[in-house]
Amino acid sequence: VALLRARGLRIGPVAVARGFENARWPGRFQVVAEKGRVLVLDGAHNVPAMRAFLETWDSFSSKSRPGAADALFIAGMLADKDVDGMLDLLASRARRAVAVRADSPRALGAADLARRMEARGIEVVARAENAREALQAWEADGAGTAALCGSFYLVGDALKSLAARRPGGRA
């Protein structure tokens, strides 16, 4: 907005507020209703992004979803990222998780991710080789709220899987 204003465009505060109200950023704290339950998808692919996701999660879980305290976390990360730093943050919120291999050749395997989660006190309820399997694990678990995070590759794969399960093919 500042750059456009500097070029002479007149953009008032109401237009800016409307723009933010209507902005959609898929994969950034995207809330999806799935079979009467809630799934939050966030790329959270590095330490600063994971920190921001968890700050938003805290607000969401305390105000909007009291049951989110018992949420199931579904996480998949790339091996060349600061996995330990992200998991250190995630462990402060996640009691239970599904470890999943993100859809990327750079992805950390589910078994390795699960070991790292368990070392931080997170109970790994399932290991999955893709988002479809991870979503099935959430369904089998019965948790009313889940958060899927750690990689935009994982988020993209999850959105495709969700769309395939719905009439009309939209997540």
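Just above, that's the structure.
Everything in this summary refers to the structure shown in the same document. (Residues numbered from 1 in each chain as written. Predicted model: local features only at pLDDT ≥ 70, side-chain atom pairs only at ≥ 80, totals over all residues. Heavy atoms only, no water.)

A look at the pattern of salt bridges
Two side chains of opposite charge can pair, provided their charged atoms sit close to one another.
Step number 1: Evaluated as defined, the whole model comprises twelve salt bridges.
Step number 2: Lys35 is the partner of Glu139 in a salt bridge, and the nearest nitrogen-oxygen pair spans 3.0 Å. Of this pair, Glu139 sits in helix 6 (residues 131-141) while Lys35 is found in the loop between strand 1 (30-34) and strand 2 (37-42), placing the two residues 104 residues apart along the sequence.
Step number 3: A salt bridge links Asp58 to Arg93, with the shortest nitrogen-to-oxygen separation between them at 2.8 Å. Of this pair, Asp58 sits in helix 3 (residues 47-63) while Arg93 is found in the loop between helix 4 (83-90) and strand 4 (96-100), placing the two residues 35 residues apart along the sequence.
Step number 4: Residue classification places Asp58 among the partly exposed positions, given a relative accessible area of 30%.
Step number 5: Residues participating in the shared-partner salt-bridge network are Asp84, Asp88, Asp112, Arg115, Arg116 and Arg120. (Salt bridge = Lys/Arg side-chain N within 4 Å of Asp/Glu carboxyl O. Helix = DSSP H or I, 4+ residues; strand = E, 2+ residues; numbered from the N terminus. Buried < 20%, exposed > 50% of the residue type's maximum accessible area, 1.4 Å probe, protein only.)

Comments concerning the environment of Gly142
Step number 1: Among the secondary structure elements, Gly142 is positioned in the loop between helix 6 and strand 6 (145-149).
Step number 2: For Gly142, a relative accessible area of 48% gives the class partly exposed.
Step number 3: When the C-alpha positions of Gly142 and Arg37 are compared, they lie 9.0 Å apart, and in sequence the two are 105 residues distant.

Points about the side chain of Asp157
Step number 1: Along the chain, Asp157 falls in helix 7 (residues 152-164).
Step number 2: Among buried Asp, Glu, Lys and Arg side chains, Asp157 stands out as unpaired, with Lys160 the closest opposite charge at 5.8 Å.
Step number 3: Looking at Asp157, its side chain comes within polar contact range of the main-chain nitrogen of Ala131, at 3.2 Å.
Step number 4: Setting aside residues no more than four positions away along its own chain, Asp157 makes contact with Asp103, Asn130 and Ala131. (Lys, Arg positive; Asp, Glu negative; His and termini not counted. Polar contact = N/O pair within 3.5 Å; in protein donor to acceptor, adjacent residues only side chain to side chain. Contact = heavy atoms within 4.5 Å.)

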